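Summary of the model geometry
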Amino acid sequence: MEIKNQKPRARSLGKWLKWKHKRGDPFHLTEVSDGGEDQSGDYLDNVLVRSTENDPCISINELRIFVGTWNVAGRSPIGSLAVDLDEWLNLKDAADMYVLGFQEIVPLKARNVLGAEDPTEATNWNMLIGKTLNNKYGCPWLTPMLNIISSEDYNYVGSPDLSRRKSVGSRIGTPMRERTRNQHEKLNGSSKYKLMASKKMVGVFVSVWMKRELLRKYCVSNVKVCSVACGIMGCLGNKGAVSVSMSIEGTSFCFIAAHLASGEKKGDEVRRNHQVSEIFRRSSFSRSQKNDNSSPPLTILGHDRIFWFGDLNYRLCLEDSFARQLIKKQDWIALKEFDQLRKEQEDGRVFQGWKEGNIDFAPTYKYSSSNHNRYSGGLPSRSGEKQRTPAWCDRILWYGRGTRQLSYFRSESKFSDHRPVSALFSTQIKLLSLPVQELLQCTPFFPP
């Protein structure tokens, strides 16, 4: 009888873990449900409360996550860019995870927007990122990825011999508190950072990397990717978002790299707000039929920790010459009063309840193509240059409890007309100990 009841209880626990931390939708959007309330919640509450009193089954660990965004203006990565990448990734203060979003990794021309996806640039960027991370902290003579990526999509699915193990759903790792010396030496002879997921849609691209040692320490599962195109005619991929969903132990993460509508005319912010709503509404992560004992989130807002970053294209609502005067004075407090994204948030039209760190750096767009040390346009007008009021187009926001931002800064690469932006976060994960893992039927996995 006990064996017969174990599977329903395991299934109930997966639902309970989501139900227990469910949050309201701050956008009042109609989202796909992540599962209804379960009557077994009270039972599981009591079970886990008693368990934590006697032998704690859930504890909290912290991860340092680097999130970065960069519009590279349609330029291909080159070898000399490694120096800029090193400075952007702030490798002197290494993070546990690197989550990088790019925009315009290909020129937004008709053949790229309308044609079939070409994985070349995504592969080139992943190779350069891997080389930069692992030259600094791993083994530079080794291939930076387990397998060379042959498409614009990639997500970590575990080792080839996983089928011989008793697996549950798409769970690909479990905590192993103790390793023998031989196992440790066998697992340690490879690059330090492992590519977990990447996804490309026209010019929007996301790449997620994780310390390999964490794959031996934590259970990483349900790695999924998603794309939403909402550009031309509301359906082409010149604008939109690519997302990665994943769970680390008992905490779910969602990373959204976005490129929203451009333009500084009055009313352009309405288009951007609409695209944000569309990305929330249309982003979904498939749930495998094998996920009997866990309930991975189906939607963005179903996750515990959410990071949204990219060229969001919100502008400064003031006259160009006045904006440049404030920039010259480095009066960021006064300049932020005219920030469009901040105003839209305060008025409740977008990103309600989301957080952003204090902006203490100059606007990141638009720099001159002829002189990368100054903004494009201005007076006197220069022939062939676009007149654009400088703006903080490149932003990083987050949503959910248990996350603390440690830094928020821009880098000074002159590779494109945007400066790269990054933020370092400390975020909590719920560590499930053996009693809960056994109930979920977790099985050990040794990463290759």
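Residues numbered from 1 in each chain as written. Predicted model: local features only at pLDDT ≥ 70, side-chain atom pairs only at ≥ 80, totals over all residues. Heavy atoms only, no water.

1. Thoughts on the overall build of the protein chain
- Broken down by element type, the protein chain carries 12 helices and 12 strands.
- For the protein chain, the proportion of its 448 residues judged to be buried stands at 55%.
- A fraction of 76% describes how many contacts in the protein chain between residues 6 or more apart in sequence connect residues 24 or more apart.
- Total accessible area on the protein chain is roughly 20,100 Å²; 50% of this is exposed by carbon and sulfur atoms. (Helix = DSSP H or I, 4+ residues; strand = E, 2+ residues; numbered from the N terminus. Buried < 20%, exposed > 50% of the residue type's maximum accessible area, 1.4 Å probe, protein only. Contact = heavy atoms within 4.5 Å. Areas by Shrake-Rupley, 256 points an atom, 1.4 Å probe, with all protein chains shown as cover.)

2. Regarding the environment of Ser198
- Secondary-structure assignment places Ser198 in strand 4 (residues 193–201).
- According to the relative accessible area criterion, Ser198 is buried, its value standing at 0%.
- With 27 residues separating them in the primary sequence, Ser198 and Val225 have C-alpha atoms 7.6 Å apart.
- Of the polar contacts made by the side chain of Ser198, one reaches the side chain of Asn126; its length is 3.3 Å. (Polar contact = N/O pair within 3.5 Å; in protein donor to acceptor, adjacent residues only side chain to side chain.)

3. What to know about the side chain of Asn273
- Assignment of secondary structure puts Asn273 in helix 8 (residues 268–282).
- Leaving out residues up to four positions away in the same chain, Asn273 has contacts with Tyr314, Glu344, Arg349 and Val350.

4. Brief notes about the sheet that holds strand 7 (residues 240–248)
- The sheet built from five strands is open, its strands ordered 6-7-8-9-10 with mixed pairing. At either end of the open sheet lies a strand with only one pairing partner, and these are strand 6 (220–229) and strand 10 (394–399). Within the sheet, the average angular offset between the axes of one strand and its neighbour, ignoring direction, is 10°.
- Pairing of strand 7 with strand 8 (residues 251–259), which is carried by nine bridges, proceeds in the antiparallel orientation. Residue pairing across strands places Gly240 opposite His259, the latter belonging to strand 8.
- Sitting on the sheet, helix 8 is in contact with strand 6, strand 7, strand 8 and strand 9 (305–311), with an inclination near 135° to strand 6. (Pairing = 2+ DSSP bridges. Axes fitted to C-alpha atoms, helices over the stretch in contact; angles between N-to-C directions.)

5. Notes on the environment of Phe309
- Along the chain, the position of Phe309 falls in strand 9.
- When its relative accessible area of 0% is taken as the criterion, Phe309 is described as buried.

6. Remarks on the confidence of the model for the protein chain
- The share of residues in the protein chain with pLDDT of 70 or more is 69%, and the mean pLDDT across the chain is 79.
- Here residues 141–151 scores under 50 on pLDDT; set against residues more than four positions off or in separate chains, the count is 26 contacts.
- With pLDDT under 50 throughout, residues 439–448 is counted as low confidence; its partners more than four residues away or in other chains account for 44 contacts. (pLDDT = per-residue confidence, 0-100.)

7. Quick look at helix 8
- For helix 8, with 15 residues, the first-to-last C-alpha span of 21 Å sits near the 21 Å given by 1.5 Å per residue.
- Turning to helix 8, the residues buried within the fold contact strand 6, strand 7, strand 8, strand 9 and helix 11 (340–346). (Expected span 1.5 Å × (residues − 1).)

8. Points about the pairing of strand 12 (residues 421–432)
- For strand 12, the tally of buried residues reaches 11 of 12 residues, placing the bulk of the element in the interior.
- In this sheet, strand 12 lies alongside strand 11 (residues 403–410) in antiparallel orientation, the contact comprising seven bridges. Each bridged residue has a counterpart across the sheet, and for Gln405 the counterpart in strand 12 is Phe425.

9. Some details on unusual backbone geometry
- Residue Tyr365 is joined to Lys366 through a cis peptide bond whose omega torsion reads 0°.
- Examined against the element boundaries, Lys366 turns out to sit in the loop between helix 11 and strand 10.
- In the Ramachandran plot, Asn222 falls in the positive-phi region, its phi being about 50° despite a non-glycine side chain.
- Mapped onto the elements, Asn222 comes out in strand 6.
- The backbone of Glu249 sits at a positive phi, close to 55°, despite the residue not being glycine.
- Along the chain, Glu249 turns up in the loop between strand 7 and strand 8.
- The buried category is assigned to Glu249, whose relative accessible area is 4%.

10. Structural notes on the nonpolar core
- The biggest cluster of nonpolar side chains holds 79 residues, and the ones touching the most others in it are Met97, Phe102 and Met246.
- In terms of nonpolar packing, the next biggest core, distinct from the first, is built from 24 residues, Cys226, Leu260, Ile279 and Tyr399 among them. (Core = buried A, V, L, I, M, F, W, Y, C linked by side-chain atoms within 4.5 Å.)

11. Details of the side chain of Lys200
- Along the chain, Lys200 turns up in strand 4.
- Within the structure, Lys200 has its side chain in polar contact with the backbone oxygen of Val202 (distance 2.9 Å).

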